[in-house]
Amino acid sequence: MADKKIIAVVGATGAQGGGVVRAILNDPSGGFAARAITRDVKSGKARELAHLGAELVAADVDDEASIKKAFEGAYGAYCVTFFWAHFSPEKEMAEAQNMAKAAKAAGVQHVIWSTLEDTRQWVPLSDNRMPTLMGKYKVPHFDAKGESNKVFTDLDVPTTFLLTSFYWDNLINFGMGPKKGPDGTLAITLPMGDKKLPGIAAEDIGKCAYGIFKKGREFIGKTVGVAGGHLTGAQMAATLTQALGQEVRYNDVPPEVYRGFGFPGAEDLGNMFQFKRDFEQVFCGARNLDVARSLNPAMLTFEAWLAKYKGRIPLE
Ligand SMILES: NC(=O)c1ccc[n+]([C@@H]2O[C@H](COP(=O)([O-])OP(=O)(O)OC[C@H]3O[C@@H](n4cnc5c(N)ncnc54)[C@H](OP(=O)(O)O)[C@@H]3O)[C@@H](O)[C@H]2O)c1
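Here we summarise the structure given alongside this text.

About the thresholds
Residues numbered from 1 in each chain as written. Predicted model: local features only at pLDDT ≥ 70, side-chain atom pairs only at ≥ 80, totals over all residues. Heavy atoms only, no water. Axes fitted to C-alpha atoms, helices over the stretch in contact; angles between N-to-C directions. Helix = DSSP H or I, 4+ residues; strand = E, 2+ residues; numbered from the N terminus. Left-handed = near helix turned anticlockwise from the far one by under 90°. Contact = heavy atoms within 4.5 Å. Nonpolar A, V, L, I, M, F, W, Y, C, P; charged D, E, K, R; others polar. Salt bridge = Lys/Arg side-chain N within 4 Å of Asp/Glu carboxyl O. Buried < 20%, exposed > 50% of the residue type's maximum accessible area, 1.4 Å probe, protein only. Polar contact = N/O pair within 3.5 Å; in protein donor to acceptor, adjacent residues only side chain to side chain. Pairing = 2+ DSSP bridges. Phe/Tyr/Trp six-rings, centres within 6.5 Å; stacked < 30°, edge-to-face > 60°. Expected span 1.5 Å × (residues − 1). Patch = residues over 30% accessible without salt bridge, like charges linked within 9 Å, V, L, I, M, F, W, Y side chains within 5 Å. Areas by Shrake-Rupley, 256 points an atom, 1.4 Å probe, with all protein chains shown as cover. Core = buried A, V, L, I, M, F, W, Y, C linked by side-chain atoms within 4.5 Å.

**What to know about the packing of helix α9 (residues 233-244) against helix α14 (residues 302-309)**
At their nearest, the axes of α9 and α14 sit 10 Å apart, and the two run at 35° to each other. Crossing of α9 over α14 shows right-handed handedness. In this structure, α9 contributes Met236, Thr239, Leu240 and Ala243 to the contact, and α14 contributes Phe302, Glu303 and Leu306. When its residues are assigned to classes, the contact of α9 with α14 shows five nonpolar, one polar and one charged.

**Comments concerning the pattern of salt bridges**
In total, this model carries 20 salt bridges according to the counting rule given. A salt bridge links arginine 22 to glutamate 48, with the shortest nitrogen-to-oxygen separation between them at 2.9 Å. With a gap of 26 residues between them, arginine 22 in helix α1 (residues 15-25) and glutamate 48 in helix α2 (residues 44-52) connect regions that are remote in the sequence. Judged by its relative accessible area of 33%, arginine 22 falls in the partly exposed class. The residue glutamate 147 makes a salt bridge to arginine 120 at a minimum N-O spacing of 2.7 Å. One end of the pair, glutamate 147, is in helix α6 (residues 140-154); the other, arginine 120, is in the loop between β5 (110-115) and α6, with 27 residues separating them in the sequence. The partly exposed category is assigned to glutamate 147, whose relative accessible area is 28%. Connected via shared salt-bridge partners are Asp118, Arg120, Asp143, Glu147 and Lys150.

**Overview of the side chain of histidine 230**
One can find histidine 230 in strand β12 (residues 229-232). A polar contact is formed between the side chain of histidine 230 and the backbone oxygen of arginine 287, at a distance of 2.8 Å. Ignoring anything within four residues of it in the chain, the contact list for histidine 230 reads Lys196, Leu197, Pro198, Gln235, Cys284, Arg287 and Leu289.

**Describing the sheet that holds strand β8 (residues 179-180)**
A sheet is described by the order of its strands in space; here three strands give the open sequence β8-β9-β13, paired in mixed fashion. Each edge of the sheet is formed by a strand with only one pairing partner; in this case those strands are β8 and β13 (248-252). Sheet topology note: the strand β9 (residues 186-190)/β13 ladder contains five bridges and is parallel. Pairing of alanine 187 across the sheet is with arginine 249, part of β13. Lying over the sheet, α9 contacts β9 and β13, oriented at roughly 160° with respect to β13.

**Considerations on the packing of aromatic side chains**
Taken as a whole, this structure holds 18 aromatic pairs when the rule is applied. On the numbers, 6.0 Å between centres and 85° between planes, the contact of tyrosine 258 with phenylalanine 263 is edge-to-face. Both rings, one in phenylalanine 275 and one in phenylalanine 283, keep their centres 6.1 Å apart while their planes meet at 85°; by these two values the pair is edge-to-face. Summarising the burial analysis for this pair, phenylalanine 275 and phenylalanine 283 share the class buried.

**Concerning α6**
Taking 1.5 Å of rise per residue, 15 residues should cover 21 Å, and α6 covers 22 Å from first to last C-alpha, within 8% of that figure. For α6, every residue scored as buried is listed here: Pro140, His141, Phe142, Asp143, Ala144, Lys145, Gly146, Ser148, Val151 and Phe152. Next to the buried residues of α6 lie α4 (83-86), α5 (89-106), β5, β6 (159-163), α11 (266-278) and α12 (280-285).

**With respect to a nonpolar patch on the surface**
Judged by side-chain polarity, Val257, Phe261 and Phe263 come together as a nonpolar surface patch covering roughly 250 Å² of accessible area. Within the element layout of this structure, phenylalanine 263 appears in the loop between α10 (255-259) and α11.

**A look at the sheet that holds β6**
If you trace the seven strands from one edge of the open sheet to the other, you get β3-β2-β1-β4-β5-β6-β11, paired in parallel fashion. The outermost strands of the open sheet, each flanked by one partner alone, are β3 (55-58) and β11 (223-225). Here the strands of the sheet are splayed against their neighbours by 20° on average, with no regard to which way each runs. Relative to β3, strand β2 (residues 32-38) runs parallel, the two sharing four bridges.

**As for the nonpolar core**
Val21, Phe71, Tyr78, Val111, Phe152 and Leu162 are the most contacted members of the largest nonpolar core, which totals 58 residues. Setting aside residues up to four positions removed in sequence, leucine 162 forms contacts with Tyr78, Ile112, Trp113, Ser114, Thr115, Ile205, Ala209, Ile212, Val224 and Val226. Residues Phe142, Leu186, Ile188 and Tyr309 belong to the second largest nonpolar core, which totals 35 residues.

Keep in mind these numbers describe shape, not what the thing actually does.
And the structure:
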């Protein structure tokens, strides 16, 4: 343990961080040790990580001092924020700032910052193709992450900017799975037209991050995007049809319809999908499948993800 490089992982009991911790622990001779950061070291998920061999440290990203303490002695840190826990871009930016300052103060040598595009670089607030949300954002949960890149660069923290992709796990956890239409046929609803949506198994994000840490300084200062596949809605529906053994259609709706669905975050997600649709080449181009696979050779395709997890997709 003493001669291993410690990676402090924020969100360790969650999707991205959990993937990082497991990737480290699954490679005992890899030279890295996992420090799992959680607000509750006594939770079942935290205990499970400890059982697998992770060190548990209590900290909260809203409390800079606690994060600084949790980063002390670490070689690397995986930093992620939790937009859907509070729906506040300002809070997300404050969390990113706390982590950047903590990493600087603790002398962390390699931070991986889980970020996304600041969509306002492509769709300025004056562009009326999509509504401005919360006064100064187009896609709040993207823009806040993209805007936060600069807190890491301004503080000169050695950082890799990791662009993540749509989790296919959203079909299980985020209410985005196939639903029955009026005729009883299952359909997935996405406002993507005929454009490709980069997707990934959530667990693979952590495996890619581990691949980046293993490459030493190669990706410091760089932006790298990861995805397991770029699929149109029609391709996703066809793959689901095969895997589930029953027809799944692609229900393509306009983004304005999606924005009006009324669930919390519908406007944000409607704008997000529209951004991905309208800037398909930029968005897919930033998530090169070969580069991602070189970081994580075990990367699941959508087909492979379905073979592993289709039983968990709630079907009506
Ligand atoms: N869903 C998608 O398709 C998708 C795609 C790309 C990016 N994202 C982004 O992913 C981010 C969320 O990451 P995730 O999916 O890995 O999250 P997650 O699975 O919801 O896990 C979040 C974990 O973080 C911890 N946490 C929450 N608030 C915390 C705080 N204040 N301080 C310290 N730890 C805290 C919690 O652990 P404890 O309770 O143990 O502390 C929780 O287990 C979001 O910002 C989202 O925008 C999502």
